[in-house]
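An overview of the molecular structure
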Amino acid sequence: AMSSNLPAQQEKVIYDEAEVPEFTLPDPLVAEDGAKVESAQVWNEKQRPYLQGLFESEVYGKSPAAPEKIEYKVTESSDEAFDGTARRRQVAIQLTDDPDGPVLNVLLYLPKTDKPVPTFMTLNFYGNASIHPDPAIELPQSWLRNNKEKGVEDHKATEKIRGASKQRWPVEMILEKGYGLATAYYGDIDPDFDDNFQNGIHPYFYAQGQEKPKPDEWGSVAAWAWGLGRAMDYLEQSPEIASDKVIVMGHSRLGKTSLWAGATDPRFAAVISNNSGCGGAALSRRRFGESVKRINTSFPHWFNDNFTQYNHNEDACPVDQHELIALIAPRPCLVCSAEGDRWADPRGEFLSAKYASPVYELLGVEGLKADDMPAVDQPVLSRLGYVIRAGGHDVKPIDWQRYMEFADTHVLGK
Ligand code: GTR
């Protein structure tokens, strides 16, 4: 069935372990020439760049360098947010060297303290105003996916967008625990639909005469991750932020994005992926739930064009997703699944962490402290961690509690 010529959407989805094909994973600690990688030095100087290069050329695509200079404008600022308990900052970051080019609007909430604040950096799906009803948050100006219930009409935000996703963003709880929250709308970087890369950030980097990214150049996931890097450029120079304690977290397609951002930008101190699935934490070779063919068919713009070679041909791909997590080593990384989110293959996400673990150990830190998949709601919060929550594809306050427990230990050293 797996080699059928049926359109991807009509093919049977594997939801049964017995139907998962047999496969052999590439060993992250075996070099291109077959030699075993036995030291941190060889990993850092040779193997890590080699694997990152493979993910660039075969999966996400290569992104351009950052603009030469960080340019931004603080568009709003208050030390009286949430009845005077918090600070709010809104910052428009110029994404290119062109002052008339695209901007990324970052919303920051910080607890009131004189010390630099450890901060979660998390892209959002419906604009900054969707995360909290705070009327001071600027409405998103970029293209949005229509959603009447959330308050998006004709691809524009209405007042109804305010707080429309607040269940996923327990901002006050995050601040109470001493963390800041930085967020930005992913569509400011590249609107999430397939238009052959005519809108969004990509055209600003085309060579003369170029009309779309080359087969090994950045797709949308890589662009969103690159945008996280531009937010980091800003956070790095803000005295209010503990920029060595920025944790990049993302859900679903933005979980894939947070993993790629963490893998490519070592300034992120820790990485959390929530329900990231195919092209995120889940092993592609398992083909469980969403497959490479399926994702490349539904979302042709997320990955680079080379990745389509691996539709129903995952074994030919020189990397699998455990090696993406290995690129984050030795930094803390927490992989989060949900029991009901079988589309994202919880077991495949666990196995990725497990098979990335030897790289953490080679680098002299703790890997995943579980040989077998833990039970639901029994988090394994080791430096390379894994948790499967009851419930479905979502972000819940209990998830944030676990992120903060994880960060308390591995980022703050509490
Ligand atoms: C689904 C997609 C998943 C995941 C999800 C999301 O449609 O198949 O890979 O990214 O969307 O982002 O919510």
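Everything below is about the structure printed above this text.
None of these values were measured; they are calculated from a predicted model.

Scoring rules and cut-offs
Residues numbered from 1 in each chain as written. Predicted model: local features only at pLDDT ≥ 70, side-chain atom pairs only at ≥ 80, totals over all residues. Heavy atoms only, no water. Helix = DSSP H or I, 4+ residues; strand = E, 2+ residues; numbered from the N terminus. Expected span 1.5 Å × (residues − 1). Buried < 20%, exposed > 50% of the residue type's maximum accessible area, 1.4 Å probe, protein only. Pairing = 2+ DSSP bridges. Axes fitted to C-alpha atoms, helices over the stretch in contact; angles between N-to-C directions. Contact = heavy atoms within 4.5 Å.

Before going further, it helps to examine helix H4 (residues 220-237). Helix length check: H4 (18 residues) gives 26 Å between terminal C-alpha atoms against 26 Å at 1.5 Å per residue, within 8%. With respect to burial, H4 is a largely interior element, 16 of its 18 residues being buried.

Let us look at unusual backbone geometry. Cis geometry is adopted by the peptide bond preceding Pro330, which originates at Ala329 and carries an omega value of 5°. Residue placement: Pro330 occurs in the loop between helix H7 (322-328) and strand E10 (333-338). A positive phi angle is found at Asn275, which is not glycine, with a value near 50°. Among the structural elements, Asn275 can be located in the loop between strand E9 (270-274) and helix H6 (292-298). Residue Asp377 is not a glycine yet carries a positive backbone phi of 60°. Relative to the elements of secondary structure, Asp377 occurs in the loop between helix H8 (346-362) and strand E11 (384-389).

Strand order across the open sheet formed by 9 strands is E1-E2-E3-E7-E4-E8-E9-E10-E11, with mixed pairing between neighbours. Of all strands in the sheet, those bounded by a partner on one side alone are strand E1 (72-80) and E11. Direction aside, the axes of adjacent strands within the sheet are offset by 15° on average. Direction of pairing for strand E4 (residues 117-124) relative to strand E8 (residues 241-251): parallel, over a ladder of 4 bridges. Residue Thr119 lies in a different strand from E8, and its bridge partner there is Val246. Packing against the sheet, H8 makes contact with E10 and E11, and its axis sits at approximately 170° to E11.

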